[in-house]
Each structure stands twice: as structure tokens, then as C-alpha cells.
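# Secondary and tertiary structure notes
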Amino acid sequence: MLNLNELFEVIKIDVKNSKTIEELDQIRIKYLGKKGILTSYAKNLKNFSIEEKKKYSIITSKKKQEIISEINIKKQKLILSILEQRIKEETIDISLPGRRIERGCFHPITHTINHIKNFFVKLGFQSINSPEIEDEYHNFNALNISQNHPARDSHDTFWFDNNRLLRTQTSSMQIRIMKKEKPPMRFIFPGKVYRNDYDITHTPMFHQIEGLIVDKNINFSNLKWIIYNFLYDFFGKEVSIKFRPSYFPFTVLSAEVDIFNDSGKPLEILGCGMVHPNVLKNVNIDSSIYSACAFGIGIERITMLRYGISDLRSFFENDIRFLNQFKYN
Ligand code: DAH
């Protein structure tokens, strides 16, 4: 009994004198661990009578609890003193700015597409996504671009085989939607188009937004109104433009719209026109009842004009210094 009491005193002194958490841990293992002194002491009790065993085990377990709680208290003290030591040694510069979380942003082309969508949705247009892999029928034939039409050459098409291709224009969606829906209809189709071209003003992939209205009594002045208002909204101010007569196989009354930049130079930004009766016939719309107008806007061009970007290729080089400039637009 005396032995045991002495042992407890020794343990308490050891705990009290320990200077580090590691040391404290060693003490715990030494006395209370599986092979610890106290544990083996309890094992030796087997030679005692039942009464004695009971008495000893009650005392031991009580003492053991005491020691455990002393170890825990000491541990907290040590942790606290380590912390105090650190606070004393380290200085915190509270004037240091916090770490910023970098925010991503939309690509300028996405910005433009979203902006355009918003405008047209307000006018009752519906925006539809469309397939980039097309067939000859939708991309050319049904749009009144015949087999040996020179317009095909100007498109420098990427063919997969002798029927399937990467669409060269979003106009192919005019055919798909007019076949599917009944007039009246108003749609826009934003998306990627592909042509085998690469220089300072051409990339093999670029973006267009196609617009289509089919209704009774649609005429060229409706088209002009929409284009004017769209450009006013897009550039946020009156811009100087010109409807220049042009030619597209799928429109009759065809025009291209030029916008004049600050130095008075005209830049072509879109093609438009009244949908050709042959095209309406191809999609089974009676051109004696309905008329349609359409337009195709080059997204990169107008984005360049809006932000003053001089090289088309910078859209696709993914230079973070370029892209970061569009964070707050
Ligand atoms: N698809 C033409 C192009 O890529 C642009 C275009 C012209 C679209 C006239 C139209 C249109 O809808 O009516 O060059």
C-alpha cells in the first residue's frame, strides 16, 4: 500500500516537472501504457485475496483517474505556454493585406454573345443552340447554294466526307428551324462556325449570331429597324453605318452592313437580307403568305470594335493578360 502511494507521488512529481508535450507523453506511457509500471502493478494483484484485490483496485483506479486528469491539465498548460512563447516571438503585421481570391471572368466573346442574346430576347426572339457538324443539305443546298456555286469556294469548307462538314455559317439553322416550327417565328442562333483560313483577320473557327424572322408582311424596313436598334444597344451610342447592297444566294434584297470606325474606315460586320423564295420553298413555307428576313452577325468583329482590339487572334491565344482586361465588363 505504501509502495503504491509512493509510486503515485513519484508520478505526480514527474508530471509536474515535465517541460514538453513529448516528455509528458513519455511519462504517460511509462506509467499508464500497456506495459507501464502501474499496469503491471495491477497485474500482480492476482496473488492477493479477493477482498484485498477489490480494495486495491478501487484505490488504483481512483488514483489513476487523478493522474490522467493531472496529465491533461499539464498538457493544456504546456500548449498554452508554447502559444504564448510563439506570440512573444512572432510579430503579426496587421497592416498586411489579406490574400485575394482570384476571380475568373467570361471570355469577351461570351460577354458579347450574352449581351446580344439579352437584346434580342427583349424583342421576343428565342435563342437556340445548334449543331456544329452539319450536312451539305443544310449548310449549302437548302440555302439555295447549288453544287457548283462559287459561294462554296469562298467558304473553304472542312469536310469530313462527301456529305458531312463543319458548318461554315449559322445560316444552316434557318433551314432546320423553319422545317421544324410553324410561322410566325423569331429566332437567334449563336455559335461557332469553321472555315479553312488563318491570318490576321481570319481564324479557322469564329462565331456568328444568326437571326431569323418569319411572319406575314415582313419587309426590309423591319430588318433595318432591328439592325439599327441592335447596334445602338450594343455600342451604347449612335454609330455610323451603311447598308451596302450585296449578294447572298439565300437572300434576295441582300445587304452587308458596314460600320465606320473612328478614322472613317468602313468595316463589314454583318450580312442580311430578305429570305429567298427558293429557300422558303425548300422548307415548305408559302412565300405568297409569309415573308422572312435574316441576318448573320460576326461576333469577333463587333467585339473588336467595341473594345478596340486590333488582332483577331488574341481572342484565341488565351493570354491571361489579355483576358484579365475583361473582368469588370
Ligand atoms: N451566312 C452569311 C455568312 O456567313 C452571313 C449572312 C448573310 C447571314 C445574309 C444571313 C443573311 O442570315 O441573310 O457570310
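Just so we're clear, the structure is a prediction, and the values are computed from it rather than from any experiment.

Bringing the pairing of strand S8 (residues 266-275) into the picture now. Where burial is concerned, most of S8 is hidden: 8 out of the 10 residues are buried. Of the pairings in the sheet, the one linking strand S7 (residues 251-260) to S8 comprises 8 bridges and is antiparallel in character. Of the residues in S8, the one forming a bridge with Asp258 is Glu268. Linkage of S7 to S8, two consecutive antiparallel strands, is achieved through a turn of 5 residues, within which Gly264 is found at a positive phi near 80°. Bridging between S8 and strand S9 (residues 291-298) involves 5 bridges; their strand directions are antiparallel. Among the inter-strand pairings, Met274 is bridged to a residue of S9, identified as Cys293.

A few words on the domain arrangement of the protein chain. By convention, interface size is frequently given as the accessible area that disappears when the constituent parts associate. Partitioning the protein chain into domains gives domain 1 (2-89) and domain 2 (108-326). A straight line from the C-alpha centre of domain 1 to that of domain 2 covers 83 Å.

Of the pockets and cavities examined, the largest pocket occupies roughly 1200 Å³. For the lining of the largest pocket, the secondary-structure elements that each account for two or more residues are helix H7 (150-154), strand S5 (205-215), S7, S8, S9 and helix H11 (299-307). By residue number, the principal contributor to the lining of the largest pocket is S8, which donates 7 residues.

On to the packing of aromatic side chains, then. Scanning all chains against the criterion turns up 17 aromatic pairs. Taking the centre distance of 6.1 Å and the plane angle of 70° together, the rings of Phe220 and Phe243 count as edge-to-face. With Phe220 in helix H9 (residues 220-235) and Phe243 in strand S6 (residues 241-245), this residue pair connects regions lying 23 residues apart in the sequence. Overall, the relative accessible area of 16% leaves Phe243 in the buried class. For the ring pair Phe315 and Phe322, a centre distance of 6.1 Å and an interplane angle of 75° mean the geometry is edge-to-face. Taken as a pair, Phe315 and Phe322 share a single burial class, namely buried. Through pairs of rings, three or more aromatic residues link up here, namely Phe119, Phe120, Phe125, Phe230, Phe234, Phe235 and Phe295.

As a further point, take the environment of Lys327. Along the chain, Lys327 turns up in the segment after helix H12 (320-323). Between the alpha carbons of Lys327 and Gly211 there is a distance of 28 Å; along the sequence they are 116 residues apart. The contacts of Lys327, once residues within four sequence positions are left out, are Glu102, Arg103 and Cys105. Reaching out from Lys327, the side chain makes a polar contact with the side chain of Glu102 at a distance of 3.1 Å.

Before going further, it helps to examine unusual backbone geometry. The amide bond that connects Pro183 to the next residue, Pro184, takes the cis arrangement and shows omega of 5°. Positionally, Pro184 belongs in the loop between helix H8 (172-180) and strand S4 (185-194). Located in the positive-phi region is Asn217, a residue other than glycine, with phi close to 60°. Relative to the elements of secondary structure, Asn217 occurs in the loop between S5 and H9. We note that Leu253 has phi near 80°; this positive angle belongs to a residue other than glycine. Following the sequence through the fold, Leu253 ends up in strand S7.

Looking now at a nonpolar patch on the surface. Taken together, Leu80, Leu83 and Ile87 make up a surface patch of nonpolar side chains, about 310 Å² in accessible area. Tracing the chain through its elements places Leu80 in helix H4 (residues 50-89).

Next up on the list: the pattern of salt bridges. Side chains that carry opposite charge are capable of pairing whenever their charged atoms lie near each other. Tallied over the full model, the rule gives 15 salt bridges. A salt bridge links Glu70 to Lys12, with the nearest nitrogen and oxygen atoms 4.0 Å apart. With Glu70 in helix H4 and Lys12 in helix H1 (residues 2-17), the pair connects residues that are 58 residues apart, well separated along the chain. For Glu70, a relative accessible area of 30% gives the class partly exposed. According to the relative accessible area criterion, Lys12 is partly exposed, its value standing at 21%. The partner of Glu181 in a salt bridge is Lys180, and the shortest N-O contact between them spans 3.9 Å. Residue Glu181 is classed as partly exposed on the basis of its relative accessible area of 30%.

About the thresholds
- The numbering scheme is per chain: residues are counted from 1 as the chain's sequence reads.
- Under the rules for a predicted model, residues below a pLDDT of 70 receive no local features and side-chain atom pairs below 80 are neither given nor counted, while totals for whole chains, interfaces and linings still include all residues.
- Side-chain numbers here rest on the full set of heavy atoms in the structure, without hydrogens or water.
- For the exposure calls, accessible area comes from a 1.4 Å probe over protein chains only, and a residue counts as buried if that area is under 20% of its type's maximum, exposed if over 50%, partly exposed in between.
- Elements are defined by DSSP. Helices are runs of H or I of four residues or more, strands are runs of E of two residues or more, and each kind is numbered from the N terminus.
- DSSP calls a pair of strands paired once it identifies at least 2 bridges connecting them.
- Annotation comment: domain bounds sourced from an automatic or database domain assignment.
- Of the two site types, the cavity is a set of points on a 1 Å grid over the protein atoms alone where a 1.4 Å probe fits but cannot get out, and the pocket is an open set with protein on both sides within 12 Å along at least five of seven lines, each lined by residues with an atom within 4 Å of a point.
- Grid points are joined across faces, edges and corners, and a volume is the space filled by probe spheres set on the points.
- In summary, the pairing rule links any two rings of Phe, Tyr or Trp, Trp by its six-membered ring, whose centres are within 6.5 Å, and it sorts them by plane angle into stacked for under 30 degrees, edge-to-face for over 60 and tilted for everything else.
- A contact between two residues is defined here by any heavy atoms of the two lying within 4.5 Å.
- N or O atoms closer than or at 3.5 Å make up a polar contact, with two conditions inside protein: a donor-capable atom paired with an acceptor-capable one, and, for residues adjacent in sequence, both atoms drawn from side chains.
- Patch definition: residues with relative accessible area over 30% and no salt bridge; like charges joined within 9 Å; nonpolar side chains (Val, Leu, Ile, Met, Phe, Trp, Tyr) joined within 5 Å.
- Only the protein chains shown count as cover for residues, with accessible areas throughout obtained via the Shrake-Rupley method and a probe of 1.4 Å.
- We define a salt bridge as a contact between a side-chain nitrogen of Lys or Arg and a carboxyl oxygen of Asp or Glu at a distance within 4 Å.

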